[in-house]
Amino acid sequence: MGVSVILPTYNESENIAALSESLLSVLSSHGIAGEVVIVDDNSPDGTGKIADTLSKIDRRMRVVHRPSKLGLATAINDGSRAASYEIIVTMDSDLSHPPSIIPRMVSALDGADIVVGSRYAEGGRMEGPLHKIILSRMMNSFARWLLGLDVKDCTGGFHALKKTLFQELDIKSVGGEYDLELLYKAKEKGYTVEEIPFTYKYRERGESKTSLLKAGTIYLLTAARLALGS
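Just so it is clear, the model here is predicted, and its values are computed rather than measured.

Participant: Explain unusual backbone geometry here, please?
Facilitator: Phi is mostly negative for residues that are not glycine, and the peptide bonds are mostly trans. A positive phi is found at N11, a non-glycine position, where the angle reads about 60°. Locating N11 in the fold gives a position in the loop between strand 1 (2–9) and helix 1 (16–29). With a phi angle near 55°, D170 is a residue other than glycine that sits in the positive phi range. The topology assignment puts D170 in the loop between helix 6 (163–168) and helix 7 (178–188).

In structure tokens, the structure reads:
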């Protein structure tokens with residue numbers, strides 16, 4: 001069994017080396033063949049160059065260079081096409097998602113089609129400024145209600161699934177709202193989802209590229225579009 005971890009990056013020079021090293025160490029320690037696929041959107045801080053250097057040191061590191069900031073969902077699409085293994089893991093590159101639970105997520109694919117690293121399942125937790133936690137929970141709860149999703153965390157972006165399934169669902173979203181589309185289309189097709197709780201760590205290095213208010217608006221518009229069948 002092999003796993004391709006897809007890391008979309010934009011200005012993550014302070015995090016990418018530590019994260020990649022941690023990912024490969026976790027996979028190796030659990031006897032999982034794996035690779036890290038970095039999809040960089042021409043980061044002006046040199047993230048792409050760091051990724052290239054890492055790939056020369058370790059052949060389990062691969063880099064996809066894109067000409068500009070084209071969106072999280074399209075980066076995952078490109079990463080899935082470049083992936084060597086059938087199982088893919090999608091996660092953030094800012095050290096907020098812990099590599100340590102990936103073996104559990106991959107193992108859980110024996111009984112589910114999609115496994116979600118979950119901040120809101122029992123045992124999960126989200127760290128960060130209180131206003132961001134409240135807004136995230138409100139946005140997540142409303143989207144779940146609107147789309148009839150049983151998944152407690154449908155906006156986190158931390159998943160394990162087969163790349164053929166990801167490609168079959170034909171995600172049209174461009175950014176982080178792809179989460180909702182992925183889980184809604186999976187529900188409509190009868191695929192099963194399991195959640196693995198984890199503690200979300202708030203970014204310590206680098207700057208967030210996401211405005212929570214803007215992202216929340218896009219998420220809610222996406223949920224409405226999907227609910228209306230468009």
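Participant: Looking at this structure, how should I read the sheet that holds strand 5 (residues 114–118)?
Facilitator: Read from one edge to the other, the open sheet built from 7 strands follows the order 3-2-1-4-7-5-8, with strand pairing classed as mixed. Two strands close off the open sheet at either side, each with one partner strand: strand 3 (61–65) and strand 8 (193–197). Each strand of the sheet is rotated relative to its neighbour by a mean of 20°, with strand direction disregarded. Relative to strand 2 (residues 33–40), strand 1 is paired through 8 bridges, and the arrangement is parallel. Residue pairing for strand 2: T9 is matched across the bridge by D40. Set on the sheet, helix 1 makes contact with strand 1, strand 2 and strand 3; between it and strand 2 the angle comes to about 160°.

Basis of the calculations
- Residues numbered from 1 in each chain as written.
- Predicted model: local features only at pLDDT ≥ 70, side-chain atom pairs only at ≥ 80, totals over all residues.
- Heavy atoms only, no water.
- Helix = DSSP H or I, 4+ residues; strand = E, 2+ residues; numbered from the N terminus.
- Pairing = 2+ DSSP bridges.
- Axes fitted to C-alpha atoms, helices over the stretch in contact; angles between N-to-C directions.
- Contact = heavy atoms within 4.5 Å.

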